[in-house]
Amino acid sequence: MNRSEPERSPILSVEQLSVLAGERKILSDISIEFPDRDITAIIGPSGCGKTTFIRTLNRMIETSPGLVVQGTVRYRGQDVYARSVNPVLVRQRIGMVFQRPTVFPLSIYENVAFGLRLQRTEETAVEPVVRRCLERAGLWSEIGGRLDQPALELSGGQQQRLCIARALAIEPRVLLFDEPTSSLDPIAAQKVEELFAELRRDYAVIIVTHNLPQAARVASRTAFLYQGRLIEFGPTEELFERPKERLTQEYITGRFG
Amino acid sequence: MHSSGRMRRRLLFDRVIGWALLLAFVVVLFPLFDMLYWIGANALPTMSWGTLTENQVGTGGGLYPMIQGTFVIIAIATAIAAALGVLAAFYTTEYAPAPIARIARIAGNLLAGVPAIVLGYFGYFLLVLYTGWGFTALGAAVTMAFFMIPYIYRTTDIALTSVPRTQREAALAIGSRRHQYLARIAFRIALPTILTGIFFAMALGLGEAAPILYTAGFSSTPITNLMQPTGTLAVAIWQFYDFPATYGHFLALAFQAAFLSIMIVLGLNVAVQLLSDRYRRRLRGLYQ
Ligand SMILES: Nc1ncnc2c1ncn2[C@@H]1O[C@H](COP(=O)(O)OP(=O)(O)O)[C@@H](O)[C@H]1O
Ligand SMILES: [Mg+2]
């Protein structure tokens, strides 16, 4: 994969996206574009639809029955919801890390190798990838070669970084994070946060966060969602310091949420 | 002091509950131990190595053919029932539309409620008469499999539905197809419970005479292929127990068959316990 040319067009573009649960609109008419090799934060009060929104981007939303998606999501110009597109391939390109660490009850090594094994990668090719991904997730030195150790024995923060390593192993281009540090203690959370600066060099990172200082620290652009609508989207600094919308202003000054 | 009176009453209450539970425990266990004693006392005095290795001839000999028949029939039945039961549970938890899954679960419960004797008759008509096989080990194994399936199906179904949702999400998000999630993650997490279900089905199957009596018939010589009439321990008990008291050896054989059945169940229990403990250890920390 050639990663030296900076991408001109956005890697993901969302047009008039709505999600319905029966009569109720969980997301209404969201249009937004995500640049490659950059970090975008999505903020908003609980229940505003942040999780639902990022789950539409890699078609994970289809695994929860009863939700209807309208509008388009394009990954490098290709409609990810097109009939001919296999959701499995979408999820290989657009990886996801959840709110709570979700390591598999396998060894550390097998967790990272999991996605590669699904693709029947040659064993000789698996090992270097596992190592590289553990290094990128800042775990390699911490685990000191105990690759056969059950992943469930790691601490919460280490488990979350293992989930990141696992997501990296299948070489996605986009990484979605759903409140990745909200279940961690501050030190573990900081270690995860430190990874973002490095990840932005190679991936389009989209991070949902409840933690406004975190958005301000890591993201170059921030989107504010409220009651299923995209209220404001722009450079993080502008959004925090000179919000255009009254709702944004009220939210970032802590008047609700 | 006011509160200490109340405290004392609370402690007394706790103690009464404790004794009551112990009593309930004894009431439940006493008949079990009494029965074990009764079986042991009648089986052991005349039991010898020959009981395990000899054919039953005339009014003498041992239970070897029935031990062989039991192992053959239960082994084949378990293989069939485990395969079908687990696959059916995979289907209901992951693939079946909700209404079909609901119907499948009800059907599973219904099958569990069908009396063993009815299954026996069904097997008799289908696998003895209709196929023209006559009494065979294979027909008995298939009938026994249908007796076992609902237990394996239901425990597997419950085990699979209680796998944390987040594991499924994580597997799918990394590009698993559903069968890959089932085979690599869900099955691994459900395995200790599935094994317990299989063990339960085997233990119940070992004790059932009815499905086998009408499909395998009985034999006091060992089988050389699956298409012969076959004796089992459960049927041996039924066969030998009713002889008049003058046939003391038959009565002893009946008790010995019962004793061996219990020993087999005990052995299975230990084996399954060890195995499922080993698999459960891999899951430590999963449910926090
Ligand atoms: N599968 C679903 N069916 C019906 N309503 C849902 C479903 N998933 C989420 N919702 C609703 O959508 C809204 C947004 O939820 P969510 O995306 O989880 O918000 P957030 O992540 O911002 O807290 C909530 O009101 C929630 O109750
Ligand atoms: Mg959420």
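The rules behind each value
- Residues numbered from 1 in each chain as written.
- Chains lettered and ligands numbered in written order.
- Predicted model: local features only at pLDDT ≥ 70, side-chain atom pairs only at ≥ 80, totals over all residues.
- Heavy atoms only, no water.
- Helix = DSSP H or I, 4+ residues; strand = E, 2+ residues; numbered from the N terminus.
- Rg over C-alpha atoms; globule rule 2.2 N^0.38 Å.
- Buried < 20%, exposed > 50% of the residue type's maximum accessible area, 1.4 Å probe, protein only.
- Contact = heavy atoms within 4.5 Å.
- Domains from an automatic or database assignment.
- Buried area = accessible area lost by both parts, 1.4 Å probe.
- Polar contact = N/O pair within 3.5 Å; in protein donor to acceptor, adjacent residues only side chain to side chain.
- Near = heavy atom within 4 Å.
- Areas by Shrake-Rupley, 256 points an atom, 1.4 Å probe, with all protein chains shown as cover.
- Nonpolar A, V, L, I, M, F, W, Y, C, P; charged D, E, K, R; others polar.
- Core = buried A, V, L, I, M, F, W, Y, C linked by side-chain atoms within 4.5 Å.
- Axes fitted to C-alpha atoms, helices over the stretch in contact; angles between N-to-C directions.
- Parallel < 35°, antiparallel > 145°, perpendicular 65-115°, else oblique.
- Pairing = 2+ DSSP bridges.
- Salt bridge = Lys/Arg side-chain N within 4 Å of Asp/Glu carboxyl O.

Enquirer: Help me understand the overall build of chain B in this model?
Expert: Scanning chain B from N- to C-terminus turns up eleven helices and two strands. Its helices and strands in sequence order give chain B the pattern α-α-β-β-α-α-α-α-α-α-α-α-α, from N to C terminus. A compact globule built from 288 residues would reach a C-alpha radius of gyration of about 19 Å, whereas chain B, at 24 Å, exceeds it by more than 25%. Dimensions along the principal axes, computed over C-alpha positions, put chain B at roughly 70 × 65 × 30 Å. The buried share among the 288 residues of chain B stands at 42%. When contacts within chain B are restricted to residue pairs at least 6 apart in sequence, long-range pairs at least 24 apart make up 76% of them.

Enquirer: I would appreciate a short explanation of the domain arrangement of chain B in the present structure.
Expert: Think of interface size as the accessible area that goes away when the parts come together; that is how it is often given. Residue and element names in this part refer to chain B. In terms of domains, chain B is made up of domain 1 (2-46) and domain 2 (50-282). One C-alpha centre belongs to domain 1, the other to domain 2; they are set 33 Å apart. Facing eight residues of domain 1, the contacting portion of domain 2 comprises eight residues. With both sides pooled, the region where domain 1 packs onto domain 2 buries about 680 Å², and carbon together with sulfur makes up 79% of that total. Counting the surface domain 1 buries against domain 2, the share from its top three residues, I39, N42 and A43, is 53%. Summed over the shared surface of domain 1 and domain 2, the number is two residue pairs in polar contact (both at pLDDT 80 or more).

Enquirer: Looking at this model, I keep getting lost on the site of ligand 1. Mind explaining?
Expert: All names here are of chain A. For ligand 1, the full set of nearby residues is A21, R24, I26, P45, S46, G47, C48, G49, K50, T51, T52 and L67. Here an oxygen atom of ligand 1 sits 3.3 Å away from a polar atom, N or O, in the main chain of C48. For ligand 1, the accessible surface in isolation is 560 Å², of which the surrounding protein chains cover 63%. The set of elements that each furnish at least two residues to the shell around ligand 1 consists of β2 (24-34) and α1 (50-57). The leading source of residues in the shell around ligand 1 is α1, at three residues. Class assignment for the residues of the shell around ligand 1 results in five nonpolar, five polar and two charged.

Enquirer: What's the story with the nonpolar core in this structure? I'm lost.
Expert: Across soluble globular proteins, you tend to see nonpolar side chains buried next to one another. A:L12, A:F53, A:L57, A:L134 and A:L199 are the most contacted members of the largest nonpolar core, which has 156 residues in total. What A:L57 contacts, discounting residues up to four positions off in sequence, is A:L12, A:V14, A:F34, A:V73, A:V80, A:V90, A:I94, A:L176 and A:I206. Membership of the second largest hydrophobic core comes to five residues, among which are B:A43, B:F255, B:A258 and B:F259.

Enquirer: What is the right way to look at the packing of helix α3 (residues 64-95) of chain B against helix α10 (residues 233-241) of chain B in this model?
Expert: Each pair of packed helices can be described by the angle between their axes along with the distance between the axes. Residues and elements named next belong to chain B. Between α3 and α10, whose axes approach to 8 Å, the crossing angle comes to 140°. Put simply, α3 runs oblique to α10. Facing M66, I67 and T70 of α3, the residues of α10 in contact are L233, A236 and F240. Here the residues of the contact of α3 with α10 are counted per class, giving five nonpolar, one polar and no charged.

Enquirer: So what exactly am I meant to see when it comes to the sheet that holds strand β4 (residues 67-75) of chain A here?
Expert: As a general point, the strands of a sheet are linked pairwise by backbone hydrogen bonds and lie either parallel or antiparallel. Residues and elements named next belong to chain A. The four strands are arranged β2-β1-β4-β5 in an open sheet whose pairing can be described as antiparallel. Only two strands of the sheet have a single neighbouring strand rather than two, namely β2 and β5 (78-79). Bridge count for strand β1 (residues 12-21) against β2 is seven bridges, and the pairing is antiparallel. In the strand pairing of β2, S13 is matched with E33. The sheet strands contacting α1 are β1, β2 and β4, and the helix crosses β2 at an angle near 60°.

Enquirer: Can you walk me through the interface of chain A and chain B in this structure?
Expert: Counting residues at the interface gives 23 residues for chain A and 22 residues for chain B. Here chain A packs against chain B, burying approximately 2100 Å² in sum over the two surfaces, 61% of which is carbon and sulfur. The largest share of the area that chain A buries against chain B comes from A:P105, A:L118 and A:L152, three residues that together contribute 29% of it. For the pair chain A and chain B, the number of links is one salt bridge. When the shortest N-O distance is used, the salt bridge between B:E169 and A:R55 registers 2.7 Å. Those elements giving two or more residues to the side of chain A that touches chain B turn out to be α2 (87-93), α3 (108-118) and α6 (156-168) of chain A. Per-element accounting of the side of chain A that touches chain B gives the leading share, four residues, to α3(A). Looking at side-chain class alone, the side of chain A that touches chain B contains 13 nonpolar, five polar and five charged residues.

Enquirer: Any chance you could explain the pairing of strand β9 (residues 221-226) of chain A here in plain terms?
Expert: All names here are of chain A. As judged from the four bridges shared by strand β3 (residues 38-43) and β9, these two strands associate in the parallel manner. Its bridge partner lying in β9, I43 is registered against F224. Of the strand pairs in this sheet, β9 and strand β10 (residues 229-235) are connected by six bridges, and their pairing is antiparallel. Bridging from a neighbouring strand, L225 pairs with L230 of β10.

Enquirer: Explain the pattern of salt bridges to me, please; I cannot follow it from the model alone.
Expert: Between side chains of opposite charge, pairing is possible as soon as their charged atoms come close. Residue and element names in this part refer to chain A. Counted under the stated rule, the structure contains 20 salt bridges over all chains. Put simply, E198 and R136 hold a salt bridge, and the shortest N to O gap is 3.1 Å. With E198 in helix α7 (residues 186-199) and R136 in helix α4 (residues 123-136), this pair connects stretches of sequence that are 62 residues apart. The class of R136 is buried, set by a relative accessible area of 18%. Notably, a salt bridge pairs R246 with E250, separated by 2.8 Å at the nearest N-O pair. Here the residue R246 and the residue E250 both occupy positions in helix α10 (residues 246-252), the gap between them amounting to four residues, near one helical turn. For R246, a relative accessible area of 59% translates into the label exposed. Here the salt bridges share partners, and the residues they tie into one network are R136, E198, R201 and D202.

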